[in-house]
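So the chains spell out like this:
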Amino acid sequence: MAQQKALLQLEGITKVFETEEVETHALSDVHFMVRPGEWVSIVGPSGSGKTTLLALLGLLDTASKGTYLLDGRSVLDLSPAERALVRNQHIGFIFQSFNLIGDLSVYENVELPLTYRGMAADERRQRVERALERVGMGHRARHMPGQLSGGQQQRVAVARAVAGDPLILLADEPTGNLDSKNGEQVMQLLSELHKGGATLIMVTHDPNQARLGTRMVSLFDGRVVQDERLR
Ligand code: ADP
Ligand code: MG
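Values in this document were obtained by computation on a predicted structure and should not be read as measured data. (Residues numbered from 1 in each chain as written. Chains lettered and ligands numbered in written order. Predicted model: local features only at pLDDT ≥ 70, side-chain atom pairs only at ≥ 80, totals over all residues. Heavy atoms only, no water.)

A.B. asks: It is not clear to me how the overall build of the protein chain should be interpreted in this structure. Could you clarify?
C.D. replies: The helix and strand inventory of the protein chain stands at 7 helices and 10 strands. Taking 231 residues into account, the globule formula puts the C-alpha radius of gyration at 17 Å, and the protein chain, at 18 Å, falls close to it. Taken over the C-alpha atoms alone, the protein chain extends approximately 50 × 45 × 40 Å along its principal axes. By the burial criterion, 48% of the 231 residues in the protein chain qualify as buried. Counting only contacts in the protein chain whose residues sit at least 6 apart along the sequence, the fraction spanning at least 24 positions is 69%. Surface exposure of the protein chain reaches about 11,500 Å², of which carbon and sulfur atoms provide 48%. (Helix = DSSP H or I, 4+ residues; strand = E, 2+ residues; numbered from the N terminus. Rg over C-alpha atoms; globule rule 2.2 N^0.38 Å. Buried < 20%, exposed > 50% of the residue type's maximum accessible area, 1.4 Å probe, protein only. Contact = heavy atoms within 4.5 Å. Areas by Shrake-Rupley, 256 points an atom, 1.4 Å probe, with all protein chains shown as cover.)

The structure is reproduced here in structure tokens:
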């Protein structure tokens, strides 16, 4: 069988944070490739570069050195506006702290990235409704985030991430702020998305969660020290 081509590919990625006194090498010469349909767990001790890697993959930050191809296209030399467009169209984020907008309803939170994209109202409505149904939150569309439990808020955040059919879903400790029961529900949701064909990159410090992935990449001191296929 022919190998599927890379959905994203990092070559020789280095990220240095410079402050007045110190230089921190958050990532050093990282080579990393993900194929469509993979579920990659990123693990490593605190400070090993996991969040930095996710921010680069999600075009929230730029590398100091190296190349990044997303779906075959070089994305490191884009202007900030072009980067924002690629991010909006192709990347879905799920953060530890949900990051919903407090004075927008559940429905409006999921709709907002689609509005930025210039999508027509009819299509927006279909997509928002479908995404909320998918995460079991259709009955809470008119609620405000503050009226929901943490687990419910994270499910809304998952709906927001998938509503635009992104190429890739990035999750940084998605259950880090949840109790174990709600955490399990969110992991179950991610499993379903993966079974449905989503490509997922997830930072976690929970070994049991990491093993749900198809692959586990370990970082240490900004370097990939292990890259293991799980299934
Ligand atoms: P992890 O998510 O694995 O805990 P991070 O990617 O957040 O690690 O951080 C990697 C390293 O980069 C750490 O040493 C951290 O202190 C440093 N770092 C991260 N972001 C910044 C920043 N904005 N400015 C300076 N140093 C940073
Ligand atoms: Mg982190």
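A.B. asks: Help me out: how do you make sense of the packing of helix α3 (residues 106-116) against helix α4 (residues 121-134) in this one?
C.D. replies: Packed helix pairs are specified by the crossing angle of their axes together with the interaxial distance, meaning the distance between the axes. At a minimum axis distance of 9 Å, the contact between α3 and α4 shows a crossing angle of 130°. Relative to α4, the element α3 lies oblique. Read as a crossing pair, α3 and α4 show a hand that is right-handed. Residues V106, Y107, V110, E111, L114 and T115 of α3 lie in contact with α4, whose contacting residues are R124, R125, R127, V128, E129, A131 and L132. For the contact of α3 with α4, the residue count by class is 7 nonpolar, 1 polar and 5 charged. (Axes fitted to C-alpha atoms, helices over the stretch in contact; angles between N-to-C directions. Parallel < 35°, antiparallel > 145°, perpendicular 65-115°, else oblique. Left-handed = near helix turned anticlockwise from the far one by under 90°. Nonpolar A, V, L, I, M, F, W, Y, C, P; charged D, E, K, R; others polar.)

A.B. asks: It is not clear to me how the sheet that holds strand β10 (residues 223-229) should be interpreted in this structure. Could you clarify?
C.D. replies: To summarise the sheet geometry, strands pair through backbone hydrogen bonds and adopt either a parallel or an antiparallel arrangement. Read from one edge of the open sheet, 6 strands run β6-β7-β8-β3-β9-β10, paired in mixed fashion. Each edge of the open sheet is held by one strand with a lone partner, namely β6 (91-94) and β10. Strand-to-strand twist across the sheet, computed as the mean angle between neighbouring axes with direction ignored, equals 15°. Of the pairings in the sheet, the one linking strand β3 (residues 39-43) to strand β8 (residues 200-203) comprises 4 bridges and is parallel in character. For V40, the partnering residue across the bridge sits in β8 and is I201. (Pairing = 2+ DSSP bridges.)

A.B. asks: Just to check I follow, could you spell out the packing of α3 against helix α5 (residues 150-162) for this structure?
C.D. replies: One can describe the packing of α3 onto α5 by two numbers: an axis separation of 8 Å at closest approach and a directional angle of 30°. With respect to α5, the axis of α3 lies roughly parallel. Classified by chirality, the crossing of α5 by α3 is right-handed. Taking contact as the criterion, the partners of V106, N109, V110 and P113 in α3 are, on α5, V156, A159 and R160.

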